[in-house]
Protein chains: 2
Amino acid sequence: MMLEKTTRMNYLYDFYQELLTSKQRDYMSFYYLDDFSLGEIAEQFSVSRQAVYDNIKRTEAILEQYEKKLHLYEKFLKRRQLLKDLTELLEGKMTEEDRKRSLQIVKELNELD
Amino acid sequence: MMLEKTTRMNYLYDFYQELLTSKQRDYMSFYYLDDFSLGEIAEQFSVSRQAVYDNIKRTEAILEQYEKKLHLYEKFLKRRQLLKDLTELLEGKMTEEDRKRSLQIVKELNELD
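Residues numbered from 1 in each chain as written. Chains lettered and ligands numbered in written order. Predicted model: local features only at pLDDT ≥ 70, side-chain atom pairs only at ≥ 80, totals over all residues. Heavy atoms only, no water.

Some words on the interface of chain A and chain B
And step 1. In this complex, chain A contributes 25 residues to the contact, which on the side of chain B involves 25 residues.
And step 2. Here chain A packs against chain B, burying approximately 2400 Å² in sum over the two surfaces, 69% of which is carbon and sulfur.
And step 3. Seen at the junction of chain A and chain B, the total is two salt bridges.
And step 4. One can count six residue pairs in polar contact (both at pLDDT 80 or more) joining chain A with chain B.
And step 5. Within the residue set of the side of chain A that touches chain B, elements represented by two or more residues are helix 4 (49-70), helix 5 (72-91) and helix 6 (96-111) of chain A.
And step 6. Considering every element that reaches the side of chain A that touches chain B, the biggest residue donor is helix 5 of chain A, with nine residues.
And step 7. Of the residues contributing to the side of chain A that touches chain B, the split by class is 13 nonpolar, four polar and eight charged. (Contact = heavy atoms within 4.5 Å. Buried area = accessible area lost by both parts, 1.4 Å probe. Salt bridge = Lys/Arg side-chain N within 4 Å of Asp/Glu carboxyl O. Polar contact = N/O pair within 3.5 Å; in protein donor to acceptor, adjacent residues only side chain to side chain. Helix = DSSP H or I, 4+ residues; strand = E, 2+ residues; numbered from the N terminus. Nonpolar A, V, L, I, M, F, W, Y, C, P; charged D, E, K, R; others polar.)

Considerations on the packing of aromatic side chains
Residue and element names in this part refer to chain A.
And step 1. Evaluation of the coordinates by the stated rule reveals 22 aromatic pairs over all chains.
And step 2. With 5.8 Å between their ring centres and 25 degrees between their planes, Y16 and Y66 make a pair best called stacked. Here the residue Y16 occupies a position in helix 1 (residues 3-16), and Y66 occupies one in helix 4, the gap between them amounting to 50 residues.
And step 3. An aromatic cluster of three or more residues is present, and its members are Y11, F15, Y16, Y66, Y73 and F76. (Phe/Tyr/Trp six-rings, centres within 6.5 Å; stacked < 30°, edge-to-face > 60°.)

Remarks on the nonpolar core
And step 1. Y16, I56 and L63 of chain A together with Y16, I56 and L63 of chain B are the most contacted members of the largest nonpolar core, which has 46 residues in total.
And step 2. Excluding its chain neighbours within four sequence positions, the residues that come into contact with Y16 of chain A are L63, Y66, E67, L70, H71, L72 and Y73 of chain A.
And step 3. The next biggest cluster of nonpolar side chains, apart from the first, holds 20 residues, and it includes L112 of chain A together with L82, L86 and L112 of chain B. (Core = buried A, V, L, I, M, F, W, Y, C linked by side-chain atoms within 4.5 Å. Buried < 20%, exposed > 50% of the residue type's maximum accessible area, 1.4 Å probe, protein only.)

Points about the environment of D113 of chain B
And step 1. Relative to the elements of secondary structure, D113 of chain B occurs in the segment after helix 6 (96-111).
And step 2. Distance in space between the C-alpha atoms of D113 of chain B and T95 of chain B is 28 Å, their sequence separation being 18 residues.
And step 3. Not counting residues within four places of it along the chain, the set of residues in contact with D113 of chain B comprises F15, F76 and R79 of chain A together with K75 and R79 of chain B.

A few points about the packing of helix 5 of chain A against helix 6 of chain A
Any two packed helices are characterised by the angle at which their axes cross and by the distance between the axes.
Residues and elements named next belong to chain A.
And step 1. Orientation of helix 5 relative to helix 6, taken along the N-to-C sense of each, is 160 degrees, at an axis distance of 10 Å. The orientation of helix 5 with respect to helix 6, classified from their angle, is roughly antiparallel. Considering only the axes of helix 5 and helix 6, their crossing is left-handed. In this structure, helix 5 contributes R79, L82, L83, D85, L86 and L89 to the contact, and helix 6 contributes D98, R101, S102, I105, V106, E108 and L109.
And step 2. Of the residues belonging to the contact of helix 5 with helix 6, the class tally is seven nonpolar, one polar and five charged. (Axes fitted to C-alpha atoms, helices over the stretch in contact; angles between N-to-C directions. Parallel < 35°, antiparallel > 145°, perpendicular 65-115°, else oblique. Left-handed = near helix turned anticlockwise from the far one by under 90°.)

Considerations on helix 2 (residues 22-33) of chain B
Residues and elements named next belong to chain B.
And step 1. Within helix 2, the full set of buried residues consists of Q24, Y27, M28, S29, F30, Y31 and Y32.
And step 2. Contacts made by the buried residues of helix 2 are with helix 1 (3-16), helix 3 (38-45) and helix 4 (49-70).
And step 3. Two residues or fewer past helix 2, D35 is found with a positive phi of approximately 60 degrees.

A look at the side chain of R99 of chain B
And step 1. The topology assignment puts R99 of chain B in helix 6.
And step 2. The class of R99 of chain B is buried, set by a relative accessible area of 17%.
And step 3. Reaching out from R99 of chain B, the side chain makes a polar contact with the backbone oxygen of L90 of chain A at a distance of 2.6 Å.
And step 4. Every residue in contact with R99 of chain B, bar those within four places of it in the chain, is listed here: L90, E91, G92, K93 and M94 of chain A together with M94 of chain B.

Here's the deal with a negative patch on the surface
All names here are of chain A.
And step 1. On the surface, a cluster of negative charge is contributed by D34, D35, E40 and E43.
And step 2. Here D34 lies in the loop between helix 2 (22-33) and helix 3 (38-45).
And step 3. Classification of D34 as partly exposed rests on a relative accessible area of 46%. (Patch = residues over 30% accessible without salt bridge, like charges linked within 9 Å, V, L, I, M, F, W, Y side chains within 5 Å. Areas by Shrake-Rupley, 256 points an atom, 1.4 Å probe, with all protein chains shown as cover. Lys, Arg positive; Asp, Glu negative; His and termini not counted. Charge placed at Lys NZ, Arg CZ, Asp CG, Glu CD.)

Some thoughts on the pattern of salt bridges
And step 1. Applying the stated criterion across every chain, the model contains 18 salt bridges over all chains.
And step 2. Among the ionic pairs, E60 of chain A bridges to K57 of chain A, the shortest N-O distance being 3.2 Å. Taken together, the positions of E60 of chain A and K57 of chain A, both in helix 4 and three residues apart, correspond to about one turn of that helix.
And step 3. Accessibility expressed as a relative area gives 32% for K57 of chain A, which makes it partly exposed.
And step 4. Each of R79 and D113 of chain A together with R79 and D113 of chain B takes part in salt bridges that share partners, so that together they form one network.

See the structure below:
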């Protein structure tokens, strides 16, 4: 499985899992969080490998739809970068220029909501 | 209508409107954003006042369910307060103590996600 996709799905799952059914959550958490194979999950739930695969593909699409509507992961990434920049400024010399940049970052954080 | 509830519904609508149907969005925006009465909305859409009322009550419940699951409004309020505190610190003398408090706030902002 591609690492980039796994990371993205882990985050999307983290943000939107409450909007999924318990079955969707089960398969997704076994597959993405616990790194079980499709075959192992199929065995665990006594269903076909294809059924698990279809369910996971559908759930991935649902998660992407939620992200398209609510942008929680996208905002999280922007916020994390801004907070990282802000931390670096606050840990530095904090010149007048740094203060201005910090206030600008706070403004951008406010606008993200 | 109670102001406090109106404010809350405006925010919940703002955060979760993309998850509503277009009809739910129509009624809610007329009622909460544009301050139309139930009667005016009923006339506009050629339906009964009761139908509009029922739809809005149902939509309010749906918005509250989303909030219960995703907590976007709750996190927004906490974030807004933290950013306000941070702005005040950055606009002040920025002593060593202020810097520490600022870094603590950034930590709390990170943990909110």
